[in-house]
Amino acid sequence: MPPQLNARVIELPLRHAWTISRGTSTSKRNVLVELRSGGHVGFGEAAPNVRYGESAETVLEALSRLEPVLDGDLRCFRELSEALQEALPGNGAAKAALDIALHDLAGKALGAPLYRLLGLNPQRMPITSFSIGIDEPETLARKVREAEPYPVLKVKLGAERVREVFGAVRAATSKVVRVDANEAWGPQEALEHIEWLATQGVELVEQPLPAADVEGAKWLRARSPLPLVADEALLRASDVPRLAEGYHGINVKLQKAGGIREALRTIDVARACGLKVMIGCMVETSVGIAAAAHLGPLADWLDLDGNLLLSEDPFIGHPVVEGRIQLGEGNGLGVVPRAAA
Ligand SMILES: [Mg+2]
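Residues numbered from 1 in each chain as written. Predicted model: local features only at pLDDT ≥ 70, side-chain atom pairs only at ≥ 80, totals over all residues. Heavy atoms only, no water.

A short note on the overall build of the protein
Phase 1: Each helix and strand counted, the protein has 12 helices and 15 strands in total.
Phase 2: Scaling as 2.2 N^0.38, a compact globule of 341 residues should have a C-alpha radius of gyration of about 20 Å, and the protein matches this with 19 Å.
Phase 3: Considering only C-alpha atoms, the protein reaches an extent of 60 × 40 × 40 Å along its principal axes.
Phase 4: Split into buried and exposed, the 341 residues of the protein put 57% on the buried side.
Phase 5: Long-range pairs, those at least 24 residues apart, make up 67% of the contacts in the protein between residues at least 6 apart in sequence.
Phase 6: As displayed, the protein offers around 13700 Å² of accessible surface, 50% of which is attributable to carbon and sulfur atoms.
Phase 7: For the protein, the separation between the mean place of its 37 positive charges and that of its 44 negative charges on side chains is 3 Å. (Helix = DSSP H or I, 4+ residues; strand = E, 2+ residues; numbered from the N terminus. Rg over C-alpha atoms; globule rule 2.2 N^0.38 Å. Buried < 20%, exposed > 50% of the residue type's maximum accessible area, 1.4 Å probe, protein only. Contact = heavy atoms within 4.5 Å. Areas by Shrake-Rupley, 256 points an atom, 1.4 Å probe, with all protein chains shown as cover. Lys, Arg positive; Asp, Glu negative; His and termini not counted. Charge placed at Lys NZ, Arg CZ, Asp CG, Glu CD.)

With respect to the sheet that holds strand β1 (residues 4-20)
Phase 1: Ordered in space as β1-β2-β3, the three strands form an open sheet in which the pairing is antiparallel. At either end of the open sheet lies a strand with only one pairing partner, and these are β1 and β3 (40-46). Strand after strand, the sheet turns through a mean of 25° between neighbouring axes, direction not considered.
Phase 2: Pairing geometry for β1 and strand β2 (residues 23-37), over 13 bridges, is antiparallel. Bridged to Q4 within β2 is R36. (Pairing = 2+ DSSP bridges. Axes fitted to C-alpha atoms, helices over the stretch in contact; angles between N-to-C directions.)

Observations concerning unusual backbone geometry
Among all residues save glycine, negative phi is the norm, and among peptide bonds the norm is trans.
Phase 1: Although it is not a glycine, R161 sits at a positive phi angle of roughly 55°.
Phase 2: When its relative accessible area of 32% is taken as the criterion, R161 is described as partly exposed.
Phase 3: With a phi close to 50°, E322 is a non-glycine residue in the positive phi region.
Phase 4: Among the secondary structure elements, E322 is positioned in the loop between β13 (320-321) and β14 (324-325).

Quick word on the domain arrangement of the protein
Phase 1: We note that the domain assignment places domain 1 (4-116) and domain 2 (119-335) within the protein.
Phase 2: Every contact between the two is made by 44 residues of domain 1 and, on the other side, 55 residues of domain 2.
Phase 3: Taken together, the two surfaces of domain 1 and domain 2 that pack against each other cover about 4000 Å², and 58% of this comes from carbon and sulfur.
Phase 4: Ranking the residues of domain 1 by area buried against domain 2 places W18, Y52 and Y115 at the top, with a combined share of 18%.
Phase 5: Viewed at the interface, domain 2 and domain 1 are joined by three salt bridges.
Phase 6: R51 is the salt-bridge partner of E183, the closest N and O atoms lying 2.8 Å from each other.
Phase 7: Where domain 1 touches domain 2, the interface holds 28 residue pairs in polar contact (both at pLDDT 80 or more).
Phase 8: When residues of the side of domain 1 that touches domain 2 are traced back to their parent elements, those giving at least two are β1, β2, β3, α2 (77-87), α3 (92-110) and α4 (114-117).
Phase 9: A breakdown of the residues in the side of domain 1 that touches domain 2 according to their chemical character gives 19 nonpolar, 13 polar and 12 charged. (Domains from an automatic or database assignment. Buried area = accessible area lost by both parts, 1.4 Å probe. Salt bridge = Lys/Arg side-chain N within 4 Å of Asp/Glu carboxyl O. Polar contact = N/O pair within 3.5 Å; in protein donor to acceptor, adjacent residues only side chain to side chain. Nonpolar A, V, L, I, M, F, W, Y, C, P; charged D, E, K, R; others polar.)

Encoded structure:
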């Protein structure tokens, strides 16, 4: 009997207005998926991104087209995951929702946490960064104080006010800081910003140039004093080889890749190409964040704070202690709906 699929749109208000180089948002519309089979429920989540032409509506439409693929033996979840990837072009968020739910269900049916199914050591979890959006200096100082429990910060920067925004954060803390420009700079200004940031205790810079600027990335990589990490320029495994000349590492997200299976392939290809690996996220509930966290031991850098930016998380996920996500022994993803707890 095929598993029973339920999907619904969830409105997620944010704790603070969230500003990056592309714009500002105050809430997020994601799609929550429940996959029922053999007395178990697998949870999955789609966090659609306008950058990739997605919305909650495109996710619902894609889910209805992907649902027939799930009519197979759920114990062979890897086969089903691969069939999901092949069934439609694009639609990473919709595929991720089903792929995450399949893995949660498999873990529950087999009685093991997902990291065990993947053979990973939860003690090898890197510290996750906590993200700070673009804001006015006083608000930035307050956000840095609120981020007290997190030892590493990730600061968003845009085309304007680079030194003002970064300077306000640096004035408020001596922590390790990562920077994400979300495609805001051109090559020459990027080099100037990065040379200055290198004097400010910055660990790495994410997506300084527009994703499509391949030649600019090669030029910048040859000159940058800091590691450069591709985010918007990377969706899935097949993108990795052409990024190796322009970046030092890649930011893998389940929502871009289309789930856990494709994220694992992407990480393997990155390692074969000599690239560092960050595992990141969108604004997501503890369902999406937990799914990515189970792959955490494979990463050099983690950026899994999407659930921490929500004013209400409909799921209880894994605690973060001194920046490290504690996965515990729960089967599958190990998350439970807050309403049920
Ligand atoms: Mg990014």
